[in-house]
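Chain by chain, the residues run as shown.
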Amino acid sequence: MRITSRAALLTATAVTSLALVTACGSSGSGYSGSTGTSAAQPPAATAPASPGGASAPAQGGATALQAGTDAKLGAIVTDGAGFTLYRFDKDTAQPSASNCNGSCATTWPPVAAGADVSVKGIDSKLVGTVARADGSKQLTLAGWPVYRYAPDTKPGDTKGQGVGGTWFVITPDGKKAGAPAGQPATPAQPPATTPGGYGY
């Protein structure tokens, strides 16, 4: 009987100690060791996930841009996970402005500007940020806002190249990948109409 009483006493002491530790541990700091996010900051916002499960870097986190090479397009830029990055002809570089919002930004997730940007094979002076319509910050390269393409489900995919005649893989200097050397990085002008013709 004495052993049972001693076990009960030890159990009660352990429960009391655990309650005190739990009470002291919730001091309001809000730090969670498992996520590394403090309660003082809102959860990191990520762009909608692509069908392959990848998403743009989290707002406030580290962002990576790296130069790469595609067999067909030549020099290209990818994110830290190797996903191809794009520019949009309806955006502007000087001044930087993004015109892809709403459902457009679901298909073309903007690359969020993190607290730190690491670059590899890219001139860091060409990297900047632009404020989007929703107030978030987007990464720019040579002034052009930078995007992912949701249907690119694996690193190295370039399915967004030429979509709608306005989306192009971006090069390390901010130009359109695959464009012939010396060709300006602007949309081609429609052919001139001829009498009796429609120009297409």
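Here is what the cut-offs are and how they apply
- Residues numbered from 1 in each chain as written.
- Predicted model: local features only at pLDDT ≥ 70, side-chain atom pairs only at ≥ 80, totals over all residues.
- Heavy atoms only, no water.
- Helix = DSSP H or I, 4+ residues; strand = E, 2+ residues; numbered from the N terminus.
- Buried < 20%, exposed > 50% of the residue type's maximum accessible area, 1.4 Å probe, protein only.
- Salt bridge = Lys/Arg side-chain N within 4 Å of Asp/Glu carboxyl O.
- Lys, Arg positive; Asp, Glu negative; His and termini not counted.
- Polar contact = N/O pair within 3.5 Å; in protein donor to acceptor, adjacent residues only side chain to side chain.
- Disulfide = S-S within 2.5 Å.
- Phe/Tyr/Trp six-rings, centres within 6.5 Å; stacked < 30°, edge-to-face > 60°.
- Lys NZ or Arg CZ within 6 Å of the ring centre and 35° of its normal.

I keep staring at the environment of Val-130 and nothing clicks. Help me out?
Mapped onto the secondary structure, Val-130 falls in strand E7 (residues 127–131). For Val-130, a relative accessible area of 7% puts it in the buried group. With 33 residues separating them along the chain, Val-130 and Ala-97 place their C-alpha atoms 6.6 Å apart.

What is the right way to look at the pattern of salt bridges in this model?
Charged atoms that come close allow side chains of opposite charge to pair. Under the defined criterion, the tally for this structure stands at 5 salt bridges. Between Asp-89 and Lys-176 there is a salt bridge; the shortest N-O distance is 3.0 Å. Linking Asp-89 in the loop between strand E3 (86–88) and strand E4 (92–93) with Lys-176 in the segment after strand E10 (167–169), this pair joins segments that are 87 residues apart in sequence. Judged by its relative accessible area of 12%, Asp-89 is buried. Each member of the salt-bridge network shares a partner with another, and the members are Arg-87, Asp-89 and Lys-176.

Please clarify how the side chain of Arg-148 should be interpreted in this entry.
Mapping Arg-148 onto the fold places it in the loop between strand E9 (144–145) and E10. Although Arg-148 lies buried, it forms no salt bridge, and the closest oppositely charged side chain, Asp-79, sits 4.2 Å away as judged by the N-O distance. In this structure the side chain of Arg-148 is engaged in a polar contact, spanning 3.4 Å, whose partner is the backbone oxygen of Asp-152.

Please explain the state of the cysteines as it appears in this structure.
Under the definition given, this model contains 1 disulfide. Covalent S-S linkage joins Cys-100 and Cys-104, the inter-sulfur distance amounting to 2.0 Å. Measuring the twist about the S-S bond at about -110°, one finds the Cys-100-Cys-104 disulfide to be left-handed. For Cys-100, a relative accessible area of 0% gives the class buried.

What am I meant to see in the packing of aromatic side chains here?
Each aromatic ring pair is characterised by the separation of its centres together with the angle its planes make. Evaluated as defined, the whole model comprises 6 aromatic pairs. Centroid distance Trp-108 to Trp-167: 3.8 Å. Interplanar angle 0°. Geometry classified as stacked. Here the residue Trp-108 occupies a position in the loop between helix H2 (103–107) and strand E6 (116–120), and Trp-167 occupies one in strand E10, the gap between them amounting to 59 residues. For the pair Trp-108 and Trp-167, a shared accessibility class is recorded, and that class is buried. Aromatic rings pair up to connect Tyr-86, Phe-88, Trp-108, Tyr-147, Tyr-149 and Trp-167 into one cluster. Between Arg-87 and the ring centre of Trp-144, over which it is positioned, the NZ or CZ distance is 3.8 Å. Against the face of Phe-83 rests Arg-148, its NZ or CZ located 4.1 Å from the ring centre.

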